[in-house]
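Close look at the chain arrangement
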Amino acid sequence: MTNKRVKYHPNEHSILYGETGGACPLCGLPMMFQKATSAHPTIGYEIAHIYPLNPNASQKTGLKGYTAPTDINALENVILLCPSCHTKYDKDFKIAEYLKLLQIKKQYLSDAMAKHTASQHALQEEVHEILDLIVNSNLDYDDLSEPKLNVSSLDEKLKTDISPLQKREIRSNAIDFFVPIRNQIRLIEQRDQAAIRILQNQINSYYLVMNKQNPNNKDIVFNHIAQWVSLKTGKSIMASKVLTSFFVQNCEVFDAGSN
Ligand SMILES: [Zn+2]
């Protein structure tokens, strides 16, 4: 039985185009271009099946052990490619390319889901004060040689499901900024007992949703939380990553023993 190619609705094109950010995920070529003769942009992409629509004999051999998606034409199994990458992918099918596209698509879906979730989660106003402090902090590097923070519980949380580079980033952020953020939090607590607890709960609940959407991948979860903080506050992603790192050591984000 051969699978039929379906015609995708314009709204589905919009979703697929949006997730690529307008560039071919394999070569970076723009997927819309302006012809001198046309008043409107011209489409320069094609819809490619990640798991081939109708695998030929050699594709079947290569794909042995990989399950076909239940709905071969589902949006989850298609991705936009520029025409030359599409032709190369289909004609010169390689399992490494298949796995690469699968990974890219997984990241697209995870990003889209995180963005939808971000709009539903609130953040306390006080988070601005902490982020301002992070942005304006002049760290005394001579004073940073001795960590003021007990890192063993942080290391416990970062033991599994995380890349060495991500672990290093969270760890050094948390150590460097521990004292100034803690002091700022104490100031806020003197003014309003509940504010920081509410903030912790908000960050924890966003973490729980991200962790559910992206199990066993602390790199993605950490970055989604930081992107959410940045989106909600308009502050830089760098400052948001420092704040997120502090809350990893400070609340139940990446709780030791859980994933
Ligand atoms: Zn391309």
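What counts and what doesn't
- Residues numbered from 1 in each chain as written.
- Predicted model: local features only at pLDDT ≥ 70, side-chain atom pairs only at ≥ 80, totals over all residues.
- Helix = DSSP H or I, 4+ residues; strand = E, 2+ residues; numbered from the N terminus.
- Buried ≥ 20, exposed ≤ 12 C-beta atoms within 10 Å, placed from the backbone.
- Contact = placed C-beta atoms within 7 Å.
- Core = buried A, V, L, I, M, F, W, Y, C linked by C-beta atoms within 7 Å.
- Domains from an automatic or database assignment.
- Axes fitted to C-alpha atoms, helices over the stretch in contact; angles between N-to-C directions.
- Left-handed = near helix turned anticlockwise from the far one by under 90°.
- Nonpolar A, V, L, I, M, F, W, Y, C, P; charged D, E, K, R; others polar.
- Pairing = 2+ DSSP bridges.

Scanning the chain from N- to C-terminus turns up 10 helices and four strands. Secondary structure elements of the chain, listed N to C terminal, follow the sequence α-β-β-β-α-β-α-α-α-α-α-α-α-α. For the chain, the C-alpha atoms occupy an extent of roughly 70 × 50 × 35 Å along the three principal directions. In the chain, which comprises 259 residues, the share counted as buried stands at 27%. Sequence separation of 24 or more characterises 71% of the internal contacts of the chain that already satisfy a separation of 6 or more.

Attention shifts here to the nonpolar core. The nonpolar side chains of a soluble globular protein tend to be buried with one another. With 36 residues, the main nonpolar core has Ile225 and Leu243 as its most contacted residues. Mapped by element, the contributors of at least two residues to this core are helix 4 (95-120), helix 5 (127-136), helix 7 (164-191), helix 8 (193-213), helix 9 (218-233) and helix 10 (237-250). In terms of residue count, the dominant contributor to this core is helix 9 (seven residues). Once you skip the residues sitting within four places of it in the chain, Ile225 turns out to touch Ile203, Tyr206, Tyr207, Met210 and Thr244. Listed in part, the 13 residues of the second largest apolar core include Cys24, Met31, Ala48 and Leu80.

Right, let's get into the domain arrangement of the chain. Looking at the chain, the domain boundaries give domain 1 (10-109) and domain 2 (121-250). Here domain 1 and domain 2 have C-alpha centroids that lie 36 Å from each other.

Summarising the element assignment, Glu125 is placed in the loop between helix 4 and helix 5. For the pair Glu125 and Tyr51, spaced 74 residues apart in sequence, the C-alpha separation works out to 46 Å.

So, on to unusual backbone geometry. For Asp161, which is not glycine, the phi dihedral falls at a positive 60 degrees. Topologically, Asp161 is positioned in the loop between helix 6 (151-157) and helix 7.

This part takes up the packing of helix 5 against helix 7. Look at helix 5 against helix 7: their axes get within 10 Å of each other, and the N-to-C directions meet at 145 degrees. Regarding helix 5 and helix 7, the two cross each other, and that crossing is right-handed. Mapping the contact onto sequence places Glu129, Ile130, Leu133 and Ile134 in helix 5 and Phe177, Pro180, Ile181, Gln184 and Ile188 in helix 7. Each residue belonging to the contact of helix 5 with helix 7 can be placed in one class, and the counts come to seven nonpolar, one polar and one charged.

Let us now look at the pairing of strand 4 (residues 78-81). Of the two faces of strand 4, both are covered, the one formed by Val78 and Leu80 as well as the one formed by Ile79 and Leu81. Here four bridges tie strand 3 (residues 46-49) to strand 4, and the two strands are oriented antiparallel to one another. The residue of strand 4 that forms the bridge with Glu46 is Leu81.

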